Every structure is written in C-alpha cells, then in structure tokens.
Amino acid sequence: YRQSKRSEYYQAAFDELAARGLLYPCFCSRAERLAANAPHREDGAVVYDGRCRALSAVQIAERQASGIRPAWRVIVPDLDVAVQDGNLGEYRENLSSDCGDFIIRRADGVFAYQLAVVVDDARMGVTQVVRGEDLLSSTPRQLWLYRTLGLPAPEFFHMPLLLAPDGRRLSKRDGDESLENLQAKYTPEEIIGRLAWVCGLQKAPAPRTPAELADDFSWEKVPRQDILLPEGLF
C-alpha cells in the first residue's frame, strides 16, 4: 500500500471529524508554533497553545484571502489516555496539556502521519504494532483517534532505540554507518546477528536469520532502556 494512493480513506475520516465540529484551520507559521513562549513538555517538545482555535469566521476569511493556506488541527479534550505497552508497560498523557490540538492535514494538503496510520491500520486489520520508542508519545493521540472514529485499536509494542556509544542518536550527518554501508561490508545474516546480540536476543554476535530468531523470541529478552552500540560492533 502507498499512502499517496489512499487519500480517499483519509478524507473520509477527516470529513467525519469535521462534521462533528472537531477541526479548525491553523494559520500559524513554523516559527510561531515553536516560539519561545509556547508551552513545552518535559522532553522539550512544543505543546500547541491553541491560538487559532478561537479565530472568528471573519478572521479566517481574512487570512485565506491573503493567500495563507492553513493546516487543519483536531480539537483534543482534557483527557488522560493510558497506553498499555507490551514492552514498556503503562504510558500516560493528558491530551490537552501534554499534546495539544494536533495537525491531521498539513498546509500543503497532505494528510498527517497521526491520521494516516490510524486509518491504514484499521482498514488493513492490523492487530499488533511494533515500532521504536521515539513514537511512544504519539500513541495516546492515536488511541484517541481510533476511539473517536470508532475504529479497533491494535496492541502496541515499543522497542528501545539503538544509540551511538556516546549516547546520542545515530545520524549519517555525524558519520554513523548507514544500513547501505553495512550491507556493502557484511551479509544480512551477519548484520542481523550482531544487532540481535546487542538487543539481548542471542548470547553471541553470530550470524542469524530473522526466522531463526523468531523461533525462540520472547519480549522478556528485549531491553526496556535504550541500547548503546558497543565500539567496534561493525
């Protein structure tokens, strides 16, 4: 499936939210959204302050007439949403204070990640989602969208992140090895085996296939903290 070919499904969900009065246009620039006076979470993420929610019909028309194309935000309630993650345990956020009204369609007309993955997973019958811990904070708003749209929600399992030996995020910009470079030096089995070892899925960095790892996989083996890649692993 290609998300670029599935706009009709996202539009249907968008229209349902609009019909229930849960959407409004947002004309804020990126600089305005990230302004120093904007509320921030403990992890530094910006919480949208809802400034465009109170725009009158006249103000909206004036901004549109000036050529500004709005993004569209969904109005979230003052509600705690708890995620029972299959690996990391309970994670909880208040949608209003920890997230704020979030974008579901960008100013260029592209439907945003939060809406697209909810619609896609529900339509495709996905029952379990396994992804990186950096997406854990997206899960409460996605669960709320599932429930609001009357869609069945999957179970979520979030994996810890692989970090450089000094604890920073891996990045090509910082000279870290890309998967493409590793594939030029090692077989897929060698790459998988070494990564499986640092993730606690086997006792030595020996070559393995995904099928071999699946035979004795257990979430009990998976770390709950981010993993530092050892020096010289590759």
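Residues numbered from 1 in each chain as written. Predicted model: local features only at pLDDT ≥ 70, side-chain atom pairs only at ≥ 80, totals over all residues. Heavy atoms only, no water.

(A) Expanded view of the nonpolar core. By size, the foremost hydrophobic cluster in this structure holds 27 residues, and its most contacted members are Leu17, Val74, Phe102, Ile104, Leu115 and Trp144. Elements that contribute at least two residues to this core include exactly α1 (7–19), β3 (80–85), α4 (95–99), β5 (102–105), α5 (113–123) and α6 (139–148). When residues of this core are assigned to their parent elements, the largest contribution, 5 residues, is made by α5. Leave out the neighbours within four places in its chain, and Leu17 touches Leu22, Leu23, Ile104, Leu145, Thr148 and Leu149. By size, the runner-up hydrophobic cluster in this structure holds 9 residues, among which are Leu201, Leu213, Val222 and Leu229. (Core = buried A, V, L, I, M, F, W, Y, C linked by side-chain atoms within 4.5 Å. Buried < 20%, exposed > 50% of the residue type's maximum accessible area, 1.4 Å probe, protein only. Helix = DSSP H or I, 4+ residues; strand = E, 2+ residues; numbered from the N terminus. Contact = heavy atoms within 4.5 Å.)

(B) Here's a closer look at the pairing of strand β1 (residues 23–26). Judged by which residues are buried, β1 turns out to be covered on both faces: Leu23 and Pro25 on one side and Tyr24 and Cys26 on the other are all buried. Inspection of the sheet shows β1 paired to strand β2 (residues 71–74) by 4 bridges, in the antiparallel sense. Note on β2: the bridge partner recorded for Cys26 is Ala71. (Pairing = 2+ DSSP bridges.)

(C) Molecular detail of the sheet that holds β1. Pairing is antiparallel across the open sheet formed by 3 strands, whose spatial order is β1-β2-β5. Two strands close off the open sheet at either side, each with one partner strand: β1 and β5. Here the strands of the sheet are splayed against their neighbours by 45° on average, with no regard to which way each runs. Inspection of the sheet shows β2 paired to β5 by 3 bridges, in the antiparallel sense. Bridge pairing links Trp72 to Arg105 in β5. Packing against the sheet, α1 makes contact with β1, β2 and β5, and its axis sits at approximately 130° to β5. (Axes fitted to C-alpha atoms, helices over the stretch in contact; angles between N-to-C directions.)

(D) Spatial organisation of α6. Summarising burial for α6: 9 of the 10 residues are buried, a large majority. Buried residues of α6: Thr139, Pro140, Arg141, Gln142, Leu143, Trp144, Leu145, Tyr146 and Thr148, and no others. Residue Gly150 follows α6 closely and has a positive phi angle near 70°.

(E) Region of interest: the side chain of His158. Structurally, His158 can be placed in strand β7 (residues 155–159). At 2.6 Å, the side chain of His158 forms a polar contact with the side chain of Asp85. With near-sequence residues (within four places) excluded, His158 lies in contact with Asp85, Asn87, Leu88, Arg131, Gly132, Glu133, Leu135, Leu136 and Thr139. (Polar contact = N/O pair within 3.5 Å; in protein donor to acceptor, adjacent residues only side chain to side chain.)

(F) Structural detail: the packing of aromatic side chains. This model, assessed by the stated rule, comprises 7 aromatic pairs. Arranged with centres 5.5 Å apart and planes meeting at 65°, the rings of Tyr186 and Phe234 form a pair that is edge-to-face. Within this pair, whereas Tyr186 is found in the loop between α7 (179–185) and α8 (188–198), its partner Phe234 is found in the segment after β9 (227–228), the two being separated by 48 residues in sequence. Residue class for Phe234 comes out partly exposed when judged on its relative accessible area of 28%. An angle of 80° between the planes, with centres 5.3 Å apart, marks the rings of Phe217 and Trp219 as edge-to-face. Its guanidinium or amino end placed over the ring of Phe14, Arg105 lies 4.4 Å from that ring's centre, counting from NZ or CZ. (Phe/Tyr/Trp six-rings, centres within 6.5 Å; stacked < 30°, edge-to-face > 60°. Lys NZ or Arg CZ within 6 Å of the ring centre and 35° of its normal.)

(G) Expanded view of the pattern of salt bridges. Throughout the structure, instances matching the rule amount to 9 salt bridges. Between Arg20 and Glu16 there is a salt bridge, and its shortest N-O distance comes to 3.6 Å. Judged by relative accessible area, which is 34%, Glu16 ranks as partly exposed. The partner of Lys221 in a salt bridge is Asp216, and the shortest N-O contact between them spans 3.7 Å. (Salt bridge = Lys/Arg side-chain N within 4 Å of Asp/Glu carboxyl O.)

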